[in-house]
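# Summary of structural features
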Amino acid sequence: MRADTDADGAARPPLMVPAALADRISPARSTAVAARAGVLLGIGILILFVTGMISHLIQHPPDWFWWPAHPVWLYRVTQGVHVTVGVMMIPVLLVKFWSVYPRFFIKPSLRRGPVELLERGSVAVLIGAVLFQIVTGLFNTAQFYPWKFFFTTTHHAMAYVAFGAVVVHLAVKLPVVRQALTAPVREPEEAVGQEDSAANTGRTGVSRRAVLAAAGIGSVAAGVAVAGQSVPLLRRVSVLAPRSGEGPQGVPINRTAAAAGVLETARSAGYLLTVKAGGREHGFTRAELEALPQYDSVLPIACVEGWSATGHWSGVRLRDLLAAVGEYGGGDVRFVSMETTGIYGSSVLPHPHVVDASTLVALRLGGADLTLDHGYPCRLIAPNRPGVLQTKWLKSIEELS
Ligand SMILES: Nc1nc2c(c(=O)[nH]1)N[C@H]1C(S)=C(S)[C@@H](COP(=O)(O)O)O[C@H]1N2
Ligand SMILES: [Mo]
């Protein structure tokens, strides 16, 4: 039996590691590695929590929340960072687990006190929640849902659990982390103790630096492999990016007209866009929309799934369209799609985006009429918002009182 290598010198009985596992505690599997990987994970999880909450709040805004229309690319950056950092955490998480996993097999003992039991319970919650977030998030970027629950609600709820568990874990481990980070990182050869140098040299091949370097390189490689879906310069090297700017008119398609069940209605000769503003209402044919003053906007579609792409849109300014019907009273505006299936058939646009000059009811993309899949006959395109709120195949636009 080997005493726990993390023993912090307190007078409690040491953690006992089963004999079969003791051999696996190489110097590389040490607090030095665990603490450094842990710090990286902590920073990553903080970034994931903040960027994730931003995305959640934009989609489900409480009264106090305010999100600007400018800079137009801000959401593209926060969500690109969210997905890329999430992927970058996978190698770090693996190294972290590898550095501590013999501890998972240590039997909890009441002799070491209730605090220790609580701490180990919180670690179990932490591991579960973090794994859950990484796996569900990753599957979502691939639009692969091999589960029964609704992704966004669960991913959002579990974020509090994961974040809370990180805070508890960090508070508990702070002394260990501080010590591990201030002590010099010794290579296994130097670290060999006098008592059992033979055993030590015999059971280790990997140095701490090698493990940490592997975590770092793996993490950057994983990040680069997906970042191209939001960073155009990286597109050629992003072999794992699910959607990297491929698609009709240079913009990927998220949901097709066929999937949304609008193939008939979107091409109907009797198409009318109903607009309600200032207590008045008017139905616009597409020809009438084309007859209104046309403007260009260069705006990205920034999907919550992490990909984004810049489009050159043109069409009618939303504020002009509302003014053509009635006096805009300053409220939020609801957009409803012809789509009858699915949960993304409508969206609500807040005031800063309603009055912004770049917000269009778009008729064209890249100089040509919108394709059916991009939202023909017309769609909303507004600055600094999640793609999921850029409603396609518009049926009505209505100012909310
Ligand atoms: N009516 C409707 N509009 C929609 C969607 C949808 O499912 N239905 N998907 C949204 C999502 S998730 C994204 S990312 C963008 C993508 O637009 P694109 O397919 O033109 O690139 O459209 C949005 N508009
Ligand atoms: Mo999306």
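Residues numbered from 1 in each chain as written. Chains lettered and ligands numbered in written order. Predicted model: local features only at pLDDT ≥ 70, side-chain atom pairs only at ≥ 80, totals over all residues. Heavy atoms only, no water.

### Observations regarding the packing of helix 4 (residues 114-141) against helix 5 (residues 151-182)
This is how the line gets drawn: For helices, the fitted axis covers only the stretch in contact; all axes are lines through C-alpha atoms, and the angles between them, taken along N-to-C directions, range from 0 to 180 degrees. Secondary structure elements follow DSSP: runs of H or I of four or more residues count as helices, runs of E of two or more count as strands, with numbering from the N terminus. The sense of a crossing depends on the near helix, which, turned anticlockwise from the far helix by less than a right angle, makes the crossing left-handed and, turned clockwise, makes it right-handed. Under the convention adopted here, Pro, Cys and the residues Ala, Val, Leu, Ile, Met, Phe, Trp and Tyr are nonpolar, Asp, Glu, Lys and Arg are charged, and Gly plus all remaining residues are polar.
At a minimum axis distance of 8 Å, the contact between helix 4 and helix 5 shows a crossing angle of 145 degrees. By crossing handedness, the relation of helix 4 to helix 5 is classed as left-handed. Here the residues of the contact of helix 4 with helix 5 are counted per class, giving 15 nonpolar, eight polar and two charged.

### Points about the pairing of strand 8 (residues 346-349)
Definition in use: Residue exposure (1.4 Å probe, protein chains only): buried if accessible area is under 20% of the type maximum, exposed if over 50%, otherwise partly exposed. The rule for pairing is simple: two strands pair if DSSP sees at least two bridges between them.
Across the two faces of strand 8 the burial differs, with Ser 347 and Leu 349 buried and Ser 346 and Val 348 not buried at all. With four bridges joining them, strand 7 (residues 333-337) and strand 8 adopt antiparallel strand pairing. Considered in strand 8, the bridge of Phe 335 is made with Ser 347.

### Structural notes on the site of ligand 1
How we decide: When at least one non-hydrogen atom of a residue lies within 4 Å of a molecule or strand, that residue is treated as near it. Under this definition, polar contacts are N or O atom pairs within 3.5 Å; protein pairs additionally need one hydrogen-donor-capable and one acceptor-capable atom, and for neighbouring residues in sequence, both atoms have to be side-chain atoms. To be clear on the numbers: accessible area is Shrake-Rupley with a 1.4 Å probe, and residue cover counts the displayed protein chains and nothing else.
Around ligand 1, a shell composed of 19 residues is seen, among which Pro 252, Glu 339, His 374, Arg 379 and Lys 392 lie nearest. Note that an oxygen atom of ligand 1 is positioned 2.7 Å from one of the side-chain N or O atoms of Arg 379. Within the complex, the protein chains bury 98% of what would otherwise be the 530 Å² of accessible surface of ligand 1. Among the residues making up the shell around ligand 1, the classes are represented as nine nonpolar, six polar and four charged.

### Considerations on the side chain of Lys 173
Condition: Contacts are assigned to residue pairs that have any heavy atoms within 4.5 Å of one another.
Checked against the element boundaries, Lys 173 lands in helix 5. A residue is classified by how much of its surface remains accessible, and Lys 173, at 16% relative accessible area, is buried. Contact partners of Lys 173, with chain neighbours within four places excluded, come to Arg 103 and Glu 119.

### Focus: a nonpolar patch on the surface
For clarity, the threshold we go by: Residues form patches when they are more than 30% accessible in relative terms and have no salt bridge. Like charges link within 9 Å. Nonpolar side chains (Val, Leu, Ile, Met, Phe, Trp, Tyr) link within 5 Å. Salt bridge, as used here, is a side-chain nitrogen of Lys or Arg placed within 4 Å of a carboxyl oxygen of Asp or Glu.
A cluster of nonpolar side chains, namely Val 39, Ile 43, Ile 47, Trp 73, Val 77, Val 81 and Leu 181, defines an oily patch on the protein surface of about 540 Å² accessible area. When residues of the nonpolar patch are traced back to their parent elements, those giving at least two are helix 2 (31-59) and helix 3 (74-104). As for its position among the elements, Val 81 is in helix 3. Residue Val 81 is classed as partly exposed on the basis of its relative accessible area of 31%.

### With respect to the nonpolar core
Cut-off, in case you're wondering: Among buried residues, the Ala, Val, Leu, Ile, Met, Phe, Trp, Tyr and Cys ones that are joined through side-chain atoms within 4.5 Å form a nonpolar core.
Counting residues in each nonpolar core, the largest one holds 29 residues, and the members touching the most others are Leu 273, Leu 321, Leu 394 and Ile 397. Secondary-structure elements contributing two or more residues to this core are strand 3 (273-277), helix 11 (318-325), strand 7, strand 9 (360-365) and strand 12 (394-399). By residue number, the principal contributor to this core is helix 11, which donates four residues. The residues touching Ile 397, leaving out its near neighbours within four places in the chain, are Leu 273, Thr 274, Val 275, Lys 276, Leu 318, Leu 321, Leu 322, Val 333, Arg 334, Phe 335 and Val 361. With 22 residues, the next largest nonpolar core counts Leu 57, Ile 301, Cys 303 and Leu 370 among its residues.

### Points about the environment of Phe 139
Secondary-structure assignment places Phe 139 in helix 4. Linking Phe 139 and Phe 151, residues twelve residues apart in sequence, is a C-alpha distance of 9.6 Å. Dropping the residues within four chain positions of it, Phe 139 is found in contact with Phe 144, Pro 146 and Trp 147.

### A short note on the sheet that holds strand 7
Read from one edge of the open sheet, five strands run 4-3-12-7-8, paired in mixed fashion. Of all the strands in the sheet, the pair left with one neighbour each is strand 4 (280-284) and strand 8. For this sheet the average axis-to-axis angle between neighbouring strands, irrespective of direction, equals 15 degrees. As paired elements, strand 3 and strand 12 share three bridges and run parallel to each other. Bridge pairing in strand 12 links Val 275 to Ile 397. Running at roughly 75 degrees to strand 3, helix 11 makes contact with strand 3, strand 4, strand 7, strand 8 and strand 12 of the sheet.

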